[in-house]
Amino acid sequence: MASASSDSPSKHTRDEAILASLGYKQEFRREFTPLEVFGVAFSIVGLLPSIASVLFNAMPNGGPLAMVWGWLFASAFIMCIGLAMAELASAAPTSGGLYYWTHSLASPRCRNLLSWIVGYANTITSIAALASVDWACAIQITAAVSIASNQVYMATNGQIYGIFAALVLSHAALVSLGTQILARLQRLYILLNVCLCFIVIIALPIATPSEFRNSASYALGDFTNLDGWPSGFAFVLSLLAPLWTIGGYDSSVHMSEEASNATTAIPWAIVGSIAVSAALGWGINVSLAFCMGSDLEVILNSPIGQPMAQIFYNSFGQKGALALWSLVIVAQYMMGSSCLLVGSRQTFAFARDGGLPFSRYFYRINSYTKTPVNTVWLDALLSLAIGLLAFASTQAINAMFTLAVTSSYISYITPIVTRFAFKNDFKPGPFNLGKFSFPVAAIAVSWMVFMNIVFFFPATPQTTVREMNYTVVVLGGFMSLAVFWYYCPIYGGVHWFNGPVSNLVSVDKGQDDDSVSEKMGKGRDIDVLTVDV
């Protein structure tokens, strides 16, 4: 025990030295152990509630075949993305992560613009992720009320938005707490998520009445196409379910400055969360495919308003379904808190480098909680604004799910490509793939480019203005504004944004207690470096 405790300060010292080599001083408390960093990524995945949130996408676009084999197919590509990102995270573990790597690895001619684009794409990803998770949680709460009322209650969009707003605001209050509290909560999140997975994998087949049990040929081989796209394209559209579910693995990157032994803890958290989620998620989908019955239209059009809740209702009855569904809601709520936790750190890092409007007000750490309270509430308020899409149409609010994937892929693709496309002094960290680095990166980038194009298509071939896919509108509008602001005459980022800027300077004595030191100096070249540990 003595050696373990005495080793902790040295680990923190080494972490601080690595961070200093990247140009930043230590500002957060390093309270997150490797297990807890994994817990952040795993709780954002939130397997069972996440699968429940996007089951409406897989079921009409392939049914059981898409749920079971589409999950495995997509998981292989997701792992390639995670491995490529893990290498970068091991080399440069900083909260800025993606936009920092982009600036460090790109050509001096374009690195400021590329870093700017990635920073904003990552910001909208964080906001869309929180909005989609909390919107799904609001729907799950109304589904619970529907189950309790024997499917009599049906919520309006206004009621769902009210619940959604309450969830977002409560998350903002929770994530404003001290780092140690947030770190310890990750262990609870891991336990609950794993228990929920095994309940569905083991208990659901046992409890399901015979009339809802499916044969192996149906569960593993039936292809049901309800939305009208050609079967091959419908299968590809169904992949939104695993891609959204096993997403957010960059979350551990944004916790780099609060993690101990970050050069190894962060990459293994990325890879570990993907591997565990892929395995357990496949088990959940197999269990659902065998226990959901064969009338998918009835499940999708259930008055409960949530396909998985209807499956649980059929199998466990009212009381059993309500009990299990309550745990799903708790797990989904935990996902929301983790999303805001991670998103606020990314926003803080981008403000630290001057990328946001009014950065000097958002680049602050509360003197009492030692957390970036201002960016917590900024992300929360922007999520509330995105949630207003609910009053446009169902497809408009569903765009939050595809928006979270497409915007994240923009921010993932760019640093991976810049590593190999430009001459740079990339030095791998402790986690590296050696000769497999380029093939894995090529597969990951090709996959993300293809899927980003696919996810701009509408849910059905015959669409209207109300039922169109609003992902391209929201993402295109947001990124267009970001680029416009960059090139804006006089005030645009092109005149002053220099990417990551070192803050290794002393804090002025007269500074506000709640404020971190204002950034000093001009932009500088930053190589991706590691320190021997």
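Sequence order as written defines the numbering, with residues in each chain counted from 1. Residues qualify for local features only when their pLDDT is at least 70, as the model is predicted, and side-chain atom pairs are given and counted only at 80 or more; totals for whole chains, interfaces and linings, by contrast, use all residues. Hydrogens and water molecules were not included; the side-chain quantities draw on all heavy atoms of the structure.

Q: Would you take a moment to explain the overall build of the protein chain for this structure?
A: In this description a helix means any DSSP run of H or I spanning at least four residues, a strand means any run of E spanning at least two, and both kinds are numbered starting from the N terminus. A tally of helices and strands in the protein chain yields 19 helices and 2 strands. What you see for the protein chain is a C-alpha radius of gyration of 23 Å, in line with the 24 Å of a compact globule of 533 residues. The principal-axis extent of the C-alpha atoms belonging to the protein chain is close to 70 × 55 × 50 Å. For every residue, the accessible area (1.4 Å probe, protein chains only) is compared with the maximum for its type, and the residue is labelled buried under 20%, exposed over 50%, or partly exposed between those bounds. Out of the 533 residues belonging to the protein chain, those deemed buried represent 58%. Residue pairs at least 24 apart in sequence account for 84% of intrachain contacts in the protein chain once pairs closer than 6 positions are excluded. Here the protein chain has roughly 19600 Å² of accessible surface; of this, 66% comes from carbon and sulfur atoms. Charged side chains in the protein chain number 25 positive and 28 negative. The centres of these two groups are separated by 7 Å. We compute the radius of gyration over the C-alpha atoms and compare it with the globule rule, which gives 2.2 Å times the number of residues raised to the power 0.38. Contacts between residues were defined by any pair of non-hydrogen atoms, one from each residue, lying within 4.5 Å. The Shrake-Rupley method, run with a 1.4 Å probe, gives the accessible areas here. Residue values count only the displayed protein chains as cover. Within this scheme the basic residues Lys and Arg register as positive and the acidic residues Asp and Glu register as negative, but His and the chain ends are omitted. Here the site of a charge means atom NZ of a Lys, CZ of an Arg, CG of an Asp or CD of a Glu.

Q: I keep staring at the packing of aromatic side chains and nothing clicks. Help me out?
A: The way to describe two aromatic rings as a pair is by their centre distance and the angle between their planes. We call Phe, Tyr and Trp rings a pair once their centres come within 6.5 Å, taking the six-membered ring for Trp, and we label the pair stacked below 30 degrees between planes, edge-to-face above 60, and tilted otherwise. Evaluated as defined, the whole model comprises 32 aromatic pairs. Plain terms: the ring middles of Phe-233 and Phe-457 are 5.0 Å apart, the flat faces sit at 65 degrees to each other, and that makes the pair edge-to-face. Here Phe-457 lies in the loop between helix H18 (437-454) and helix H19 (471-487) and Phe-233 lies in helix H10 (residues 231-238), a separation of 224 residues in the sequence. Owing to a relative accessible area of 35%, Phe-457 belongs among the partly exposed residues under this scheme. These aromatic residues form a ring-pair network of at least three members: Tyr-99, Trp-116, Tyr-120, Phe-350, Phe-478, Trp-485, Tyr-486, Tyr-487, Trp-496 and Phe-497. Seen from the ring of Tyr-361, Arg-360 lies directly overhead, with NZ or CZ sitting 5.3 Å from the centre. Geometrically, a lysine NZ or arginine CZ counts as sitting over a ring once it is within 6 Å of the ring centre and also within 35 degrees of the ring normal.

Q: Honestly, the side chain of Thr-471 in this entry has me stumped. Any pointers?
A: Looking at where Thr-471 falls in the secondary structure, it is placed in helix H19. Throughout this description, a polar contact denotes any pair of N or O atoms lying within 3.5 Å of each other; where both atoms belong to protein, one of them has to be capable of donating a hydrogen while the other can accept it, and for residues adjacent in sequence the pair is counted only when both atoms sit in side chains. At 2.3 Å, the side chain of Thr-471 and the side chain of Thr-402 are in polar contact. When near neighbours in sequence (up to four residues on either side) are disregarded, Thr-471 contacts Ala-399, Thr-402, Leu-403, Thr-406, Phe-455, Phe-456 and Gly-476.

Q: Would you mind showing me how to read the packing of helix H2 (residues 34-45) against helix H12 (residues 262-291) here?
A: Relative placement of two packed helices is described by the angle separating their axes and the distance separating the axes. Angles here are taken between N-to-C directions and fall from 0 to 180 degrees, while the axes themselves are lines fitted to C-alpha atoms, restricted in helices to the stretch in contact. Between H2 and H12, whose axes approach to 9 Å, the crossing angle comes to 45 degrees. By the criterion of interaxial angle, the relationship of H2 to H12 is oblique. As for the relative orientation of H2 and H12, their crossing is right-handed in sense. Residues Pro-34, Val-37, Phe-38, Ala-41, Phe-42 and Val-45 of H2 lie in contact with H12, whose contacting residues are Ala-265, Ile-266, Ala-269, Gly-272, Ser-273, Val-276, Ser-277 and Leu-280. Each residue gets one label: Ala, Val, Leu, Ile, Met, Phe, Trp, Tyr, Cys and Pro are nonpolar, Asp, Glu, Lys and Arg are charged, and the others, such as Gly, are polar. For the contact of H2 with H12, the class distribution of residues is 11 nonpolar, 3 polar and no charged. To sort the angles, those under 35 degrees are grouped as roughly parallel, those over 145 as roughly antiparallel, those from 65 to 115 as roughly perpendicular, and the leftovers as oblique. By convention the crossing between two helices is left-handed if the near helix lies anticlockwise of the far one by an angle smaller than a right angle, and right-handed if it lies clockwise.

Q: Help me understand the layout of surface pockets in this model?
A: Summary: where empty space remains is shown by rolling a probe the size of a single water molecule over the atoms. Site definitions follow a grid-based scheme: protein atoms alone, a 1 Å grid, a 1.4 Å probe that fits but cannot get out for cavities, and for pockets an open set with protein on both sides within 12 Å along at least five of seven lines, plus lining residues having an atom within 4 Å of a point. Grid points are joined across faces, edges and corners, and a volume is the space filled by probe spheres set on the points. Size it by volume and the largest pocket reaches roughly 1300 Å³. Together, 48 residues line the largest pocket, and Phe-56, Leu-300, Thr-394, Gln-395 and Asn-398 are the ones closest to its centre. Elements supplying a minimum of two residues to the lining of the largest pocket: helix H3 (47-58), helix H6 (111-148), helix H7 (157-175), helix H13 (296-300) and helix H17 (394-421). If you tally residues by element for the lining of the largest pocket, the top one is H17, at 7 residues. Residue composition of the lining of the largest pocket, by class: 25 nonpolar, 20 polar and 3 charged.

Q: What is the right way to read the nonpolar core from this model?
A: Proteins that are soluble and globular tend to have nonpolar side chains buried together. The term nonpolar core refers to a set of buried residues drawn from Ala, Val, Leu, Ile, Met, Phe, Trp, Tyr and Cys, joined through side-chain atoms within 4.5 Å. Ranked by internal contacts, the top residues of the largest apolar core, which has 160 residues, are Trp-101, Trp-325 and Tyr-409. Residues in contact with Trp-325, not counting those within four places in the same chain, are Ala-52, Gln-140, Ala-143, Ala-144, Ile-147, Gln-306, Met-308, Ala-309 and Phe-312.

Q: Would you take a moment to explain the pattern of salt bridges for this structure?
A: In a structure, side chains of opposite charge can pair up when their charged atoms sit close to one another. Definition used for salt bridges: Asp or Glu carboxyl oxygen within 4 Å of a side-chain nitrogen of Lys or Arg. One pass over the structure, following the stated rule, counts 4 salt bridges. Of the charged contacts, one joins Arg-419 and Glu-87 as a salt bridge, the two residues approaching to 2.8 Å between their closest N and O atoms. Here Glu-87 lies in helix H4 (residues 63-91) and Arg-419 lies in helix H17, a separation of 332 residues in the sequence. For the pair Arg-419 and Glu-87, one class covers both residues: buried. When the shortest N-O distance is used, the salt bridge between Asp-425 and Lys-427 registers 2.2 Å. On the basis of relative accessible area, Asp-425 is assigned to the partly exposed category, the value being 35%.

Q: I tried to follow unusual backbone geometry on my own but got confused; where do I start?
A: Most peptide bonds take the trans configuration, and most residues that are not glycine carry a negative phi. Despite not being glycine, Phe-358 has its phi angle at roughly 60 degrees, a positive value. Examined against the element boundaries, Phe-358 turns out to sit in the loop between helix H14 (307-352) and helix H15 (359-362). The phi angle at Ile-490 is positive, at roughly 70 degrees, despite the residue not being glycine. As for its placement among the helices and strands, Ile-490 is situated in the segment after H19. Looking at Ile-490, the relative accessible area reads 66%, which means it is exposed.

Q: I'm lost on H3 in this one. Help?
A: Structural remark: α-helix, 3.6 residues per turn; residues separated by three or four positions point the same way. H3 sits mainly inside the fold: 11 of its 12 residues count as buried. When we look at burial in H3, the residues that qualify are Leu-47, Leu-48, Pro-49, Ser-50, Ile-51, Ala-52, Ser-53, Val-54, Leu-55, Asn-57 and Ala-58.

Q: I'm lost on the environment of Ala-219 in this one. Help?
A: Inspection of the secondary structure assignment puts Ala-219 in helix H9 (residues 216-221). For Ala-219, a relative accessible area of 0% gives the class buried. As a C-alpha pair, Ala-219 and Ile-365 span 146 residues in sequence and 51 Å in three-dimensional space. Residue contacts for Ala-219: discarding those within four places in its chain leaves Pro-64, Val-68, Ala-289 and Phe-290.

Q: In this structure, what is going on with H18? I would like to understand it.
A: In this model, H18 (18 residues) spans 26 Å end to end at C-alpha, consistent with the 26 Å of a helix rising 1.5 Å per residue. Ser-437, Val-440, Ala-441, Ala-444, Val-445, Trp-447, Met-448, Met-451, Asn-452 and Val-454 are the residues of H18 that are buried. Buried residues belonging to H18 abut H4, H10, helix H11 (240-245) and H17. An expected span of 1.5 Å times one less than the residue number is assigned to each helix.

Q: Help me out: how do you make sense of the packing of H6 against H14 in this one?
A: Between H6 and H14, whose axes approach to 8 Å, the crossing angle comes to 155 degrees. By the angle between their directions, the pair H6 and H14 is classed as roughly antiparallel. For the element pair H6 and H14, the recorded crossing hand is left-handed. Split by residue class, the contact of H6 with H14 holds 24 nonpolar, 11 polar and 1 charged.

Q: Please clarify how a nonpolar patch on the surface should be interpreted in this entry.
A: Nonpolar side chains collect at one region of the surface, where Trp-69, Leu-72 and Leu-220 lie side by side and expose about 240 Å² of accessible area between them. For Trp-69, the position within the fold is in helix H4. According to the relative accessible area criterion, Trp-69 is partly exposed, its value standing at 36%. Within this analysis, patches are made of residues with over 30% relative accessible area and no salt bridge. Like charges are joined at 9 Å or less; nonpolar side chains (Val, Leu, Ile, Met, Phe, Trp, Tyr) at 5 Å or less.

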